[in-house]
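Architecture and fold: a report
Listed below are the residues making up each chain.
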Amino acid sequence: TQLLEQSPQFLSIQEGENLTVYCNSSSVFSSLQWYRQEPGEGPVLLVTVVTGGEVKKLKRLTFQFGDARKDSSLHITAAQPGDTGLYLCAGQFNDYKLSFGAGTTVTVRA
Amino acid sequence: GAGVSQSPSNKVTEKGKDVELRCDPISGHTALYWYRQSLGQGLEFLIYFQGNSAPDKSGLPSDRFSAERTGGSVSTLTIQRTQQEDSAVYLCASSLAGLVSNEQFFGPGTRLTVL
């Protein structure tokens, strides 16, 4: 049983469209991280959110942490083929351990 | 720049054999983590090393799994008497220290296939 549920599991969209990936849990986290992983590589950290209600923007990516610090979303505007990859959310309690969701595989078609 | 490196990148073995997977963390990083990523699953925490402290082995799935870290740097994950369910990608990560705020940097992983 995973602490974090990600949805959808797969997402395939056309270049230029928007997409949103969700990460939900019944647990309260001290922080939540989003990673992107490409085939044959390890995950790479995109952002860390720590405050309930926090919104962070990274170019075309917008990350939101829920008010209760149990859920998060990642929104990509005008997706590009380079955004293709596996997006993972990971929650952290007040220690070093990360609890990962199963991931969302995003494919952006040119 | 030197990131986290892992070897081998791929390992195919027969059921019942032992395997060793190696991780070279980023120089100066005192914290080292091993994770397992099975198909369709997120990363599963296996073990954590911080400096000279006793490792946190709470994530190891069975006593067939063990890991050591020599001299506070290189780490080896050993799986004895491999089973088919051990097939997965094994990822290593390192960070400056095992603090909530410290980013974990991941290696490319070792893909283990047990026939």
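For the structure given in this document, a descriptive report is provided here. Owing to the predicted nature of the structure, the values given are computational and were not obtained by experimental measurement.

Rules behind the numbers
- Residues numbered from 1 in each chain as written.
- Chains lettered and ligands numbered in written order.
- Predicted model: local features only at pLDDT ≥ 70, side-chain atom pairs only at ≥ 80, totals over all residues.
- Heavy atoms only, no water.
- Helix = DSSP H or I, 4+ residues; strand = E, 2+ residues; numbered from the N terminus.
- Rg over C-alpha atoms; globule rule 2.2 N^0.38 Å.
- Phe/Tyr/Trp six-rings, centres within 6.5 Å; stacked < 30°, edge-to-face > 60°.
- Buried < 20%, exposed > 50% of the residue type's maximum accessible area, 1.4 Å probe, protein only.
- Pairing = 2+ DSSP bridges.
- Axes fitted to C-alpha atoms, helices over the stretch in contact; angles between N-to-C directions.
- Contact = heavy atoms within 4.5 Å.
- Buried area = accessible area lost by both parts, 1.4 Å probe.
- Salt bridge = Lys/Arg side-chain N within 4 Å of Asp/Glu carboxyl O.
- Polar contact = N/O pair within 3.5 Å; in protein donor to acceptor, adjacent residues only side chain to side chain.

Observations concerning the overall build of chain B
When its secondary structure is counted, chain B shows 0 helices and 10 strands. Element order for chain B, N to C, with α for helix and β for strand: β-β-β-β-β-β-β-β-β-β. At 13 Å, chain B has a C-alpha radius of gyration in line with the 13 Å of a compact globule built from 115 residues. Overall size of chain B, expressed as C-alpha extent along the three principal axes, is 40 × 30 × 25 Å.

Section: the packing of aromatic side chains
Residues and elements named next belong to chain B. On inspection of all chains with the given rule, the structure shows 10 aromatic pairs over all chains. Judged by centre distance (5.1 Å) and plane angle (40°), the rings of Y33 and Y48 are tilted. Linking Y33 in strand β4 (residues 31-37) with Y48 in strand β5 (residues 43-50), this pair joins segments that are 15 residues apart in sequence. With a relative accessible area of 1%, Y33 lands in the buried category. Centroid distance Y35 to F106: 5.5 Å. Interplanar angle 40°. Geometry classified as tilted. Here the residue Y35 occupies a position in strand β4, and F106 occupies one in strand β9 (residues 105-106), the gap between them amounting to 71 residues. In this structure, Y35 and F106 share a single accessibility class: buried.

Details of the sheet that holds strand β7 (residues 75-79) of chain B
All names here are of chain B. Read across the sheet, 4 strands follow the order β1-β3-β7-β6 without closing on themselves; strand pairing throughout is antiparallel. Each edge of the sheet is formed by a strand with only one pairing partner; in this case those strands are β1 (5-7) and β6 (65-69). Between one strand axis and the next, the sheet turns by 15° as a mean value, whatever way the strands run.

Here we look at the pairing of strand β11 (residues 104-109) of chain A
All names here are of chain A. Residue alternation in β11 divides its side chains into a buried set, T104, V106 and V108, and an unburied set, T105, T107 and R109. Relative to β11, strand β2 (residues 10-14) is paired through 5 bridges, and the arrangement is parallel. Paired with L11 across the strands is V106, a residue of β11. Here 3 bridges tie strand β9 (residues 85-92) to β11, and the two strands are oriented antiparallel to one another. Looking at β11, one finds that Y87 is bridged to T104.

Some remarks on the interface of chain A and chain B
Contacts between chain A and chain B engage 23 residues on the former and 20 residues on the latter. Here chain A meets chain B over a buried area of about 1,500 Å², counting both sides, of which 55% is carbon and sulfur. Scanning the region where chain A abuts chain B turns up 1 salt bridge. The interface formed by chain A and chain B holds 6 residue pairs in polar contact (both at pLDDT 80 or more) in total. Going through the elements one at a time, β4 (31-37), β9 and β10 (98-100) of chain A are the ones with two or more residues in the side of chain A that touches chain B. The biggest single contributor to the side of chain A that touches chain B is β4 of chain A, with 4 residues.

Focus: the sheet that holds strand β6 (residues 55-58) of chain A
Residue and element names in this part refer to chain A. Taken in spatial order, the 5 strands line up as β1-β3-β8-β7-β6 in an open sheet, and their pairing is antiparallel. In the strand order of this sheet, the two ends are held by β1 (5-7) and β6, each with one partner. If you compare each strand with its neighbour and ignore which way they point, the axes differ by 15° on average. One ladder, built from 4 bridges, connects β6 with strand β7 (residues 61-65); its direction is antiparallel. From the neighbouring strand, K57 faces β7, where its bridge partner is T62.

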